[in-house]
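Examination of the molecular architecture
Listed below are the residues making up each chain.
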Amino acid sequence: MTAKPAAAAARATVYGYPRQGQNRELKKAIEGYWKGRVDADTLRQTAAELRRETWQQLAEAGVHEVPTGDFSYYDHVLDTSVMVGAVPERHREAVRTDALDGYFAMARGTQDVAPLEMTKWFDTNYHYLVPELGPDTVFTADSAKQVAELKEALALGHTPRPVLVGPVTYLLLAKAAAGVAADFEPLTLLDRLLPVYAEVLADLRAAGAEWVQLDEPALVQDRTAAELNAAARAYRELGSLTDRSKLLVASYFGRLGEALAVLAKSPVEGLALDFTESGAGNLADLAAAGGLPGKRLVAGVVNGRNIWINDYEKSLATLGTLLGLADHVDVSASSSLLHVPLDAGAEHDIDPQIARWLAFAKQKTQEIVVLARGLSGGTDAIAAELAANRADLASRADAVITRDPAVRARTAAITDADGRRSQPYAERTVAQRAHLGLPMLPTTTIGSFPQTTELRTARADLRAGRIDEAGYEERIKDEIREVLSFQEKAGIDVLVHGEPERNDMVQYFAEQLTGYLATQHGWVQSYGTRYVRPPVLAGDISRPEPMTVRWTTYAQSLTERPVKGMLTGPVTMLAWSFVRDDQPLGETARQVALALRDEVTDLEANGTSVIQVDEPALRETLPLRADEHAAYLEWATESFRLATSGVRPDTQIHTHMCYAEFGDIVQAIDDLDADVISLEAARSHMQVARELAAHGYPREAGPGVYDIHSPRIPSVEEAAALLRKGLEAIPATRLWVNPDCGLKTRGWPETRTSLENLVAAAREIRAELPTEAA
């Protein structure tokens, strides 16, 4: 069937694009600047060149409008805070002295000043810097960055569309600043913020912007009537401005629901909606609302968050329906392409047949352009592309890698008993304390130690053949001995081997499990200059042989203190991979859980008494709508218990979570039935400890007292003060002392001092405890 051509040609566009460059040039330039090897002008030139290359690539592919303002040195929410003048008092002097250094101080902190809190961007693995606001916050407009990047694109001959975080989402993402009443609602500042946005919009209009995109992903979450009324007021006011560009309000990551009618009725010129699986319901809701007469609709029909090729016929059917619901329909991805790697064509080590199934940012851009041509000219205009797409989809559906009968039989045989420990926690903890003999307020770390230049060089030398496997293993053994020796001298109670053999906490395991594919260049930004290469989950999962037992057992042979076995949990293995989209996530999670269960029981059989199964992504993967939470949490917690419940009562199971808001999943944390949980808490001043206490969490917990995402070294007094806050919520008999997260990204000098201060703080507090408690 030939699609009906649109009245005007459909245009291709994207909401945003990866920032780093093909070889992570931005990361290298920024880190070089931090270390003093790159000056500010060189950093700015690198950034400008990356923007130029991105816009040129998009234009050459056939994208009509290129996004500007989405580029960032660190984080686009932090950029918004700068744009509206929401700089915390403690950072203002640094910003006044040097804007660039002040910007990085807000992101990373300094030795004397703490950074902004960092947490997950909705249900992604991207981290944003949380705005700190209060009733005394004064907003002031600073559109310099947004105007400069708009002018850059115009000078290069492009049609740019500046992208801003919308005012409602910005305030909903913010939190009360320190010293502000906990019940303060940042959204009450909306009337104070809107004139600043009006000023920025006027500046962009004066600089030549025809359209401006305002991102409001917070509106796809459950929102109260008051919040929806605030959104209506915001866009009624901004839409009524006379000195502005046309406004495109973009939502993504899900269904708009009640907010759709609010935005449809507002005096803005366009809406952008998610029409992929995550936005299921938007199409029906749009039709029920009577469409968008008089408005532009940007249809997100290409998945902006996964890496599988688009189904052209399915997308064209959706686009064809949308033609009758808006005055003009353009084609885009469902979200910014920030969340996918740059170019699948760079992956030369992946089987060519499988490579046909993959679409990174460059390929997704091409898909968007093809769909726009098909929407404008009918299916005959893209007949060759349609035929190739059908063949690629069929190839994947029929591939042997996608189905393993043995794995499926094993998951089908799972019983309720497989996901339950043999004894309740109250009995297990007695056995564990007798077995481990740990002091009150036991100290530990989360797992990884600094990944030094020498370690990275050793891995590169192994890949290049400059050293053999035996030489590489000796280097790893040397590092493990050094890490253990330091921990023993520092007085840490439960040790780790430091993970020197691991490249990434997900990729390391993915490379040893069937069904996973690893990329060489598939970098995706996690936060700041931290990039990860999410593996591709293409088929059924199993563990051919032990993955960590050898190194953990070696480490334990070097010390009398317990050494933790370190694994990544099933939910995080999914969340930080590009998951298959041809079966339910819960089914894939059970496959991963069974593979990990085999590893857990092998660790125990080889003498490991403490095993940590990290689940930092448990909260991040929580669906954005409350009515979907229960189903997700059921399979998510079940998969963790399935991985960890096959051990003896005296084997202590730990888990770790970081950089997310945990208050709304405390029951799920309880349901994991882990013996000990460690959580990020330093930047949020022990908020999670209070949340655990309010829930009545009955197990042991280690809210972090050392913020490892900042280069600053916490003093003994600072760590002790946080510990005292922790003790206000969690009794000493159940409180652990640890950093917020792993130490992989830190250097050895700061790591040594910080951990020594952490141990000293624990000893100081331990000495203050009543005799019966200590």
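The structure under discussion appears in the preceding block.
A brief structural summary. Computed from a predicted model, the values in this text were never measured in an experiment.

Moving on, we come to the overall build of the protein chain. If you tally the helices and strands in the protein chain, you get 28 helices and 20 strands. Computed over its C-alpha atoms, the radius of gyration of the protein chain comes to 26 Å, within 12% of the 28 Å expected for a compact globule of 774 residues. With the principal axes as the frame, the protein chain shows a C-alpha extent of 75 × 60 × 50 Å. Counting every position in the protein chain, which comprises 774 residues, the buried fraction comes to 62%. Put simply, 80% of the contacts in the protein chain that link residues at least 6 apart link residues at least 24 apart. By element, 51% of the accessible surface of the protein chain is carried by carbon and sulfur atoms, the whole surface being about 28,300 Å². A distance of 1 Å separates the average location of the 80 positive side-chain charges in the protein chain from that of its 109 negative side-chain charges.

Turning to the packing of aromatic side chains, a few remarks are in order. Under the counting rule described, the total for this entry stands at 16 aromatic pairs. On the basis of an interplanar angle of 45° and a centroid distance of 6.1 Å, the ring pair of Tyr-33 and Phe-104 is categorised as tilted. With Tyr-33 in helix H1 (residues 25-34) and Phe-104 in helix H5 (residues 99-108), this residue pair connects regions lying 71 residues apart in the sequence. Each ring, one from Phe-122 and one from Phe-253, has its centre 5.9 Å from the other, and the planes form 50°; the classification is tilted. Of this pair, Phe-122 sits in the loop between strand S2 (118-120) and strand S3 (127-129) while Phe-253 sits in the loop between strand S8 (246-250) and helix H10 (258-265), and the two are 131 residues apart along the sequence. Among the residues examined, Phe-122 registers a relative accessible area of 8% and is labelled buried. Of the residues examined, Phe-253 reaches a relative accessible area of 5% and is grouped as buried. Just above the ring of Tyr-554 sits the side chain of Lys-477; from NZ or CZ to the centre is 5.4 Å. In this arrangement the basic side chain of Arg-550 is found over the ring face of Trp-551, its NZ or CZ atom lying 4.8 Å from the centre.

Structurally, Leu-603 is set in helix H23 (residues 585-605). Separated by 170 residues in sequence, Leu-603 and Arg-433 place their C-alpha atoms 19 Å apart.

Attention now moves to the pairing of strand S19 (residues 676-679). Alternating residues of S19 divide into Val-676 and Ser-678 and Ile-677 and Leu-679, and every residue in both groups is buried. Sheet analysis places strand S18 (residues 652-657) next to S19, joined by four bridges and oriented parallel. Within the sheet, the bridge partner assigned to His-656 lies in S19 and is Ser-678. Each parallel crossover has a hand, and the one from S19 via helix H26 (residues 687-695) to strand S20 (residues 700-703) is right-handed.

The strand order across the open sheet formed by five strands is S16-S17-S18-S19-S20, and the pairing between neighbours is parallel. Every interior strand has two partners, whereas the edge strands, strand S16 (564-568) and S20, have only one. Direction aside, neighbouring strands of the sheet carry axes that sit 20° apart on average. By the bridge criterion, four bridges tie S19 to S20 in an arrangement that is parallel. Its bridge partner being in S20, Ile-677 is matched across the sheet by Ala-701.

So, about the environment of Glu-717. Considering the arrangement of structural elements, one finds Glu-717 in helix H27 (residues 716-729). For the pair formed by Glu-717 and Arg-763, sequence separation is 46 residues and the distance between their alpha carbons is 12 Å.

Residues Tyr-170 and Leu-319 are the most contacted members of the largest nonpolar core, which totals 116 residues. The element that contributes the greatest number of residues to this core is helix H8 (residues 190-207), accounting for nine residues. Dropping the residues within four chain positions of it, Tyr-170 is found in contact with Val-77, Thr-80, Ser-81, Val-84, Ala-86, Pro-131, Leu-133, Val-165, Leu-193 and Tyr-197.

Looking now at helix H19 (residues 469-490). In an α-helix, one full turn covers 3.6 residues, which means residues spaced three or four apart are oriented alike. With 22 residues, H19 extends 32 Å between its outermost C-alpha atoms, agreeing within 8% with the 32 Å of an ideal straight helix rising 1.5 Å per residue. The set of residues buried in H19 consists of Tyr-472, Glu-473, Ile-476, Glu-479, Ile-480, Val-483, Leu-484, Phe-486, Gln-487 and Ala-490. Along H19, the residues classed as buried sweep out an arc of 160° about the axis, all on the same side. Packed against the buried residues of H19 are helix H18 (453-464), helix H21 (549-556) and helix H28 (748-768).

A few words on the sheet that holds strand S7 (residues 211-215). The strand order S1-S5-S7-S8-S9-S10-S11 describes an open sheet built from seven strands, whose pairing is parallel. If you trace the sheet from one side to the other, it starts and ends with strand S1 (66-68) and strand S11 (326-333), each paired once. Across the sheet, the mean angle separating the axes of adjacent strands is 30° when strand polarity is ignored. Direction of pairing for strand S10 (residues 292-302) relative to S11: parallel, over a ladder of seven bridges. Considered in S11, the bridge of Ala-299 is made with Val-331. The sheet strands contacting helix H12 (residues 312-322) are S10 and S11, and the helix crosses S10 at an angle near 175°.

Another point: H18. For H18, with 12 residues, the first-to-last C-alpha span of 16 Å sits near the 16 Å given by 1.5 Å per residue. Among all positions of H18, only Leu-455, Ala-458, Arg-459 and Asp-461 are buried. The arc enclosing the buried residues of H18, seen along the axis, measures out at 160°, which places them on a common side. Every exposed residue of H18 that faces more than 90 degrees away from the buried side is listed here: Thr-453 and Arg-463. Next to the buried residues of H18 lie H19.

A separate point is the pairing of S16. In terms of residue burial, S16 counts as a mostly covered element, since five of its five residues are buried. Where burial is concerned, the two faces of S16 agree: the one with Lys-564, Met-566 and Thr-568 and the one with Gly-565 and Leu-567 are both buried.

Turning next to the packing of H27 against H28. Axis separation between H27 and H28 bottoms out at 8 Å; the angle between their running directions is 50°. Classified by the angle their axes make, H27 and H28 are oblique. Here H27 runs over H28; the crossing is right-handed. Residue-level inspection shows Val-716, Ala-719, Ala-720, Leu-723, Arg-724 and Leu-727 of H27 in contact with H28, the latter providing Asn-757, Ala-760, Ala-761, Ala-762, Glu-764, Ile-765 and Glu-768.

It is worth spelling out the packing of H1 against H5 at this point. With their axes 12 Å apart at the nearest point, H1 and H5 run at an angle of 100° to one another. Here H5 runs roughly perpendicular to H1, going by the angle between their axes. Counting all contacts with H1, which are made through Ile-30, Tyr-33 and Trp-34, the residues of H5 involved are Leu-100, Asp-101, Phe-104 and Arg-108. Across the contact of H1 with H5, the residue classes tally to five nonpolar, no polar and two charged.

Parameters and conventions
Residues numbered from 1 in each chain as written. Predicted model: local features only at pLDDT ≥ 70, side-chain atom pairs only at ≥ 80, totals over all residues. Heavy atoms only, no water. Helix = DSSP H or I, 4+ residues; strand = E, 2+ residues; numbered from the N terminus. Rg over C-alpha atoms; globule rule 2.2 N^0.38 Å. Buried < 20%, exposed > 50% of the residue type's maximum accessible area, 1.4 Å probe, protein only. Contact = heavy atoms within 4.5 Å. Areas by Shrake-Rupley, 256 points an atom, 1.4 Å probe, with all protein chains shown as cover. Lys, Arg positive; Asp, Glu negative; His and termini not counted. Charge placed at Lys NZ, Arg CZ, Asp CG, Glu CD. Phe/Tyr/Trp six-rings, centres within 6.5 Å; stacked < 30°, edge-to-face > 60°. Lys NZ or Arg CZ within 6 Å of the ring centre and 35° of its normal. Pairing = 2+ DSSP bridges. Right-handed = clockwise from strand over helix to strand, strands pointing away. Axes fitted to C-alpha atoms, helices over the stretch in contact; angles between N-to-C directions. Core = buried A, V, L, I, M, F, W, Y, C linked by side-chain atoms within 4.5 Å. Expected span 1.5 Å × (residues − 1). Arc of directions from axis to C-beta. Parallel < 35°, antiparallel > 145°, perpendicular 65-115°, else oblique. Left-handed = near helix turned anticlockwise from the far one by under 90°. Nonpolar A, V, L, I, M, F, W, Y, C, P; charged D, E, K, R; others polar.

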